[in-house]
Amino acid sequence: MEYSKDLSIIIPLLNEEESLGELLAWIRSVMNREGYDYEVIFVDDGSTDGSWKKIQELSEGDPRIKGISFRRNYGKSAALYHGFAKACGKVVVTMDADLQDSPEEVPEMYRMIVEDGYDVVSGWKQHRQDNKLTKNLPSKLYNATARKITGIKLHDMNCGLKAYRNEVVKNIEVYGEMHRYIPYLAKNAGFDKITEKPVHHQKRKYGKSKFGLERFVNGFLDLLSLWFLSTFGKKPMHFFGFSGLLMFLVGFIMTIWIIIAKLVHQAQGIRYRAVTDQPLFYLALVAVMLGVILFLSGFICEMISRTSQDRNKYNVKETID
Ligand code: UDP
Ligand code: MG
């Protein structure tokens, strides 16, 4: 495929007016030094300060500077999604707007995609310049969990500074708050040459962070959803049917056990407590009911998956006609 530029830099932002001028000057100096044919796409995610005005000023007289402005705040994933759709560079780089990520890292990341053949190069904030207690520590735990579940060995899955081969960003759908797991989305779309590069990280110079501690809870739930979708998304009955069957079997064995115990005691003429007096009876009841519910959920999910847009979405690499 032909791309009209070498490089697209996508910058999602929410209320970062003080940083934009400095950031663009920095990017320009690196780009000119390296001689890239590039574009910068600012995506204003519903800022309420002067960010959009600033972007309009910065883009004047320079067609390489582009912008998208949302009518309201939709979140970083939505901003990236729209930036990705617009990007026409062979390599696509994403970067935060707050001057925490350094444009100096871009040339090496670009080289790793073009020359070393990687699909995704993810930044790794080795010496993170954020609050130790609220960000660095939970982030370590969170990344360890993400590594386990996704099978991708990255130290810093959620780093804002990343580089992609263009096909990657055109073949993934970043929605909700899934921007935290783009390498996982890429892997699920069949792009498995994923690596990381240690990057410099600066303290936030202006404004304040847009994400709090809730990111770790939500992030974990999103990770579970993604895992479920990637494993069973196209065959939900394999999950619900299997666990339903298991529950049903457990309930069934308990029921048989209860009946046999009752009959044996009766045959021997021994008085035995009523079936409904036994804890096992209630356990059996719950197990059978859970089994039925799981099965029904499976059927419903199969119907949803049958009507879903994704049901025949497969990522074709090449064809010979
Ligand atoms: N951001 C955005 N939409 C949002 C929240 C954040 O576009 O709803 C942008 C923000 O302006 C910044 C980047 O996402 O450019 C990373 O956000 P932030 O610096 O607050 O995250 P942190 O560095 O604290 O993890
Ligand atoms: Mg930041």
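Above this text is the structure in question.
Here we summarise the structure given alongside this text. For clarity, every value in this text was computed on a predicted model and none was experimentally measured.

Thresholds applied
Residues numbered from 1 in each chain as written. Chains lettered and ligands numbered in written order. Predicted model: local features only at pLDDT ≥ 70, side-chain atom pairs only at ≥ 80, totals over all residues. Heavy atoms only, no water. Helix = DSSP H or I, 4+ residues; strand = E, 2+ residues; numbered from the N terminus. Rg over C-alpha atoms; globule rule 2.2 N^0.38 Å. Buried < 20%, exposed > 50% of the residue type's maximum accessible area, 1.4 Å probe, protein only. Pairing = 2+ DSSP bridges. Axes fitted to C-alpha atoms, helices over the stretch in contact; angles between N-to-C directions. Contact = heavy atoms within 4.5 Å. Near = heavy atom within 4 Å. Polar contact = N/O pair within 3.5 Å; in protein donor to acceptor, adjacent residues only side chain to side chain. Areas by Shrake-Rupley, 256 points an atom, 1.4 Å probe, with all protein chains shown as cover. Nonpolar A, V, L, I, M, F, W, Y, C, P; charged D, E, K, R; others polar. Salt bridge = Lys/Arg side-chain N within 4 Å of Asp/Glu carboxyl O. Parallel < 35°, antiparallel > 145°, perpendicular 65-115°, else oblique. Left-handed = near helix turned anticlockwise from the far one by under 90°.

**Here's the deal with the overall build of the chain**
Phase 1: A tally of regular secondary structure across the chain gives 10 helices and seven strands.
Phase 2: In summary, the chain has a C-alpha radius of gyration of 26 Å against a globular reference of 20 Å for 321 residues, an excess of more than 25%.
Phase 3: In terms of its C-alpha atoms, the chain occupies a principal-axis envelope of roughly 100 × 55 × 35 Å.
Phase 4: Counting the 321 residues in the chain, one finds 42% classified as buried.

**Focus: the sheet that holds strand S4 (residues 89-94)**
Phase 1: Across the sheet, seven strands lie side by side as S3-S2-S1-S4-S6-S5-S7; this open sheet has mixed pairing. At either end of the open sheet lies a strand with only one pairing partner, and these are strand S3 (65-69) and strand S7 (194-199). Sheet twist, expressed as the average angle between the axes of neighbouring strands with direction ignored, equals 20 degrees.
Phase 2: Judged from the three bridges that link them, strand S5 (residues 120-125) and strand S6 (residues 162-165) form a sheet pairing that is antiparallel. By the bridge assignment, Val120 is partnered in S6 with Tyr164.
Phase 3: Most of the contacts of helix H2 (residues 51-59) go to S3, to which it runs at about 155 degrees, and overall it touches strand S1 (5-13), strand S2 (38-44) and S3.

**A closer look at the site of ligand 1**
Phase 1: Residues in contact with ligand 1 amount to 18 residues; listed here are only the nearest, Asp45, Asp98, Lys135, Ser209 and Lys210.
Phase 2: Contact distances for ligand 1 include 2.8 Å between an oxygen atom and a backbone N or O atom of Leu14.
Phase 3: The protein chains hide 94% of the 530 Å² of surface that ligand 1 would expose on its own.
Phase 4: Tallied by class, the residues present in the shell around ligand 1 amount to five nonpolar, four polar and nine charged.

**Some words on the environment of Met95**
Phase 1: If you trace the backbone, Met95 turns up in the loop between S4 and helix H4 (106-114).
Phase 2: In this structure Met95 comes out as buried when scored by relative accessible area, which is 0%.
Phase 3: Separated by 62 residues in sequence, Met95 and Met157 place their C-alpha atoms 14 Å apart.

**Quick notes on the pattern of salt bridges**
Phase 1: All told, the structure shown has 22 salt bridges when counted by the stated rule.
Phase 2: Two residues, Arg33 and Glu104, come together in a salt bridge whose shortest N-O distance is 3.1 Å. Within this pair, whereas Arg33 is found in helix H1 (residues 17-34), its partner Glu104 is found in the loop between S4 and H4, the two being separated by 71 residues in sequence.
Phase 3: By relative accessible area, Glu104 is classed as partly exposed at 38%.

**Comments concerning the pairing of S6**
Phase 1: Where S4 and S6 come together, four bridges link them in antiparallel fashion. Bridged to Val93 within S6 is Ala163.

**What to know about the packing of helix H9 (residues 236-267) against helix H10 (residues 279-307)**
Phase 1: Between H9 and H10, whose axes approach to 7 Å, the crossing angle comes to 160 degrees. What the angle tells us is that H9 and H10 run roughly antiparallel. Where H9 crosses over H10, the two elements pack in a sense that is left-handed.
Phase 2: Across the contact of H9 with H10, the residue classes break down as 23 nonpolar, nine polar and one charged.

**Here's the deal with the environment of His127**
Phase 1: With respect to the secondary-structure elements, His127 resides in the loop between S5 and helix H5 (132-150).
Phase 2: You can call His127 exposed: its relative accessible area is 60%.
Phase 3: Distance in space between the C-alpha atoms of His127 and His201 is 6.8 Å, their sequence separation being 74 residues.

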